[in-house]
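Chain and residue survey
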Amino acid sequence: MDSIREIVVLSGKGGTGKTSVASSLAYLAGKEAILADCDVDASNLHLIMGPDIIKKELFYGGEVAQIDIETCIQCGKCKEVCRFDAISFSAGVHTIDNLSCEGCGYCSRVCPTGAITMMPRLSGEFYISGIRNGSQMSHAKLFAGGENSGKLVATVKKNAYRMAKERGCDYLITDGAPGIGCPVVSSLSGAKVALLVTEPTMSALHDLKRVLFVVRRFNAIPLLVINKSDINEAVSEEIKIFAKSEKIEHLADIPFNTAFVESMGKARIVAEENQFLKGIFESVWEKAKEVADSSVQN
Ligand code: SF4
Ligand code: SF4
């Protein structure tokens, strides 16, 4: 078996413990897996993994308009057409506010002197880093107001696959973005298994159903972990009934444990801090690998 098996950890909503699960699996996988942080809009995996940056590159997503003051005749046509109020006129000069500019390019098309150029927008950075389990992680930071997080996620994943290939890793563990938007779609692309982390609340069940819809579209095999399973046993039961009806394998119930929050506070991984939880994550990791392996063999 030579193809890299990707296991993406998703939640449908924030706060379910997704990142704690992803980091614990990566800790247990060691050099078997590369870790990819695709939650680029609110990345926090690096806080737990303590990455040692090996390589950093700039990420350009979308475009931003720029006026050449030498060519501009201050006619105001650009300001008239900008629907985002990104162009202002002050002290006899037209200027563009980079944060308000949506990069639509309309102003550049109406400018009579060709004074406006659409430039690539610096939106973030992406990194390749060593992590303390002896492996590496691919991660990124989206700058405030930065756009195109789906494209940045695709870059993080592309790097992660290349790193896995170069280092002979069998697996890629991806911490996906919460929700079901564009970054989640990018996180799922190419994944064999989607490990869905939920909690027993009605809103989490609702979000689980939504993310499952997307997972099915990508032909990834869904697996389920219920975190804080004992905080509402009735809803936990409802989630299990739903999982059964959808033929989703339920791998584990994780009872409420303060180790999740405490580990985060200490910038440590849950599985390295708590032996009981480590045991649960070991069985989840073994099962997720087994399912990912079988998806390649079938
Ligand atoms: S590119 Fe679009 S949003 Fe940006 S300044 Fe021009 S018209 Fe406004
Ligand atoms: S349309 Fe062109 S020339 Fe006119 S104010 Fe804008 S940038 Fe200057």
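With that settled, the discussion passes to the pairing of strand E11 (residues 249–254). Of the strand pairs in this sheet, strand E10 (residues 221–227) and E11 are connected by five bridges, and their pairing is parallel. If you follow Asn227 over to E11, its bridge partner there is Ile254. For the handedness criterion, the β-α-β arrangement of E10, helix H8 (residues 233–245) and E11 is classed as right-handed.

Quick look at the environment of Phe281 now. On the secondary structure map, Phe281 appears in helix H11 (residues 275–297). Once residues within four sequence positions are removed from consideration, Phe281 is found in contact with Ser24, Leu25, Leu28 and Ala271.

Counting 75 residues, the largest nonpolar core has Leu25, Ile34, Ile173, Val193, Ala194, Leu195 and Leu196 as its most contacted members. Sequence-distant contacts of Ile34, that is, excluding residues within four places in its chain, are made with Ser135, Gln136, Met137, Ser138, Ala160, Met163, Ala164, Arg167, Cys169 and Leu172. Residues Ile67, Cys78, Ala86 and Ile87 belong to the second largest nonpolar core, which totals twelve residues.

Glancing now at helix H1 (residues 18–29). The terminal C-alpha atoms of H1 lie 16 Å apart, and with twelve residues this matches the ideal 16 Å at 1.5 Å per residue to within 8%. Here H1 lies mainly inside the structure; twelve of its twelve residues are buried. Of the positions making up H1, those classed as buried are Lys18, Thr19, Ser20, Val21, Ala22, Ser23, Ser24, Leu25, Ala26, Tyr27, Leu28 and Ala29. Gly30, located one to two residues past H1, shows a positive phi value of around 55°.

The next point concerns helix H5 (residues 149–167). Its 19 residues place the ends of H5 27 Å apart at the C-alpha level, agreeing with the 27 Å of an ideal helix rising 1.5 Å per residue. Along H5, the residues classified as buried are Ser149, Gly150, Leu152, Val153, Thr155, Val156, Lys157, Asn159, Ala160, Met163 and Ala164. Each element contacted by the buried residues of H5 is listed here: strand E2 (33–37), strand E3 (52–67), strand E6 (116–130), strand E7 (136–142), strand E8 (171–175) and helix H6 (182–188). Gly168 sits one or two positions beyond H5 and adopts a positive phi of about 65°.

With that out of the way, let us pick up the site of ligand 1. The local shell around ligand 1 holds 14 residues, among which Ala65, Cys82, Cys101, Cys104 and Cys107 are the closest. Residue classes in the shell around ligand 1 are distributed as eleven nonpolar, two polar and one charged.

Before going further, it helps to spend a moment on the domain arrangement of the chain. Domain annotation for the chain reports domain 1 (5–50 + 131–297) and domain 2 (63–122). Here the C-alpha centre of domain 2 lies 42 Å away from the C-alpha centre of domain 1.

Conventions we followed
- Residues numbered from 1 in each chain as written.
- Chains lettered and ligands numbered in written order.
- Predicted model: local features only at pLDDT ≥ 70, side-chain atom pairs only at ≥ 80, totals over all residues.
- Pairing = 2+ DSSP bridges.
- Helix = DSSP H or I, 4+ residues; strand = E, 2+ residues; numbered from the N terminus.
- Right-handed = clockwise from strand over helix to strand, strands pointing away.
- Contact = placed C-beta atoms within 7 Å.
- Core = buried A, V, L, I, M, F, W, Y, C linked by C-beta atoms within 7 Å.
- Buried ≥ 20, exposed ≤ 12 C-beta atoms within 10 Å, placed from the backbone.
- Expected span 1.5 Å × (residues − 1).
- Near = placed C-beta within 6 Å.
- Nonpolar A, V, L, I, M, F, W, Y, C, P; charged D, E, K, R; others polar.
- Domains from an automatic or database assignment.

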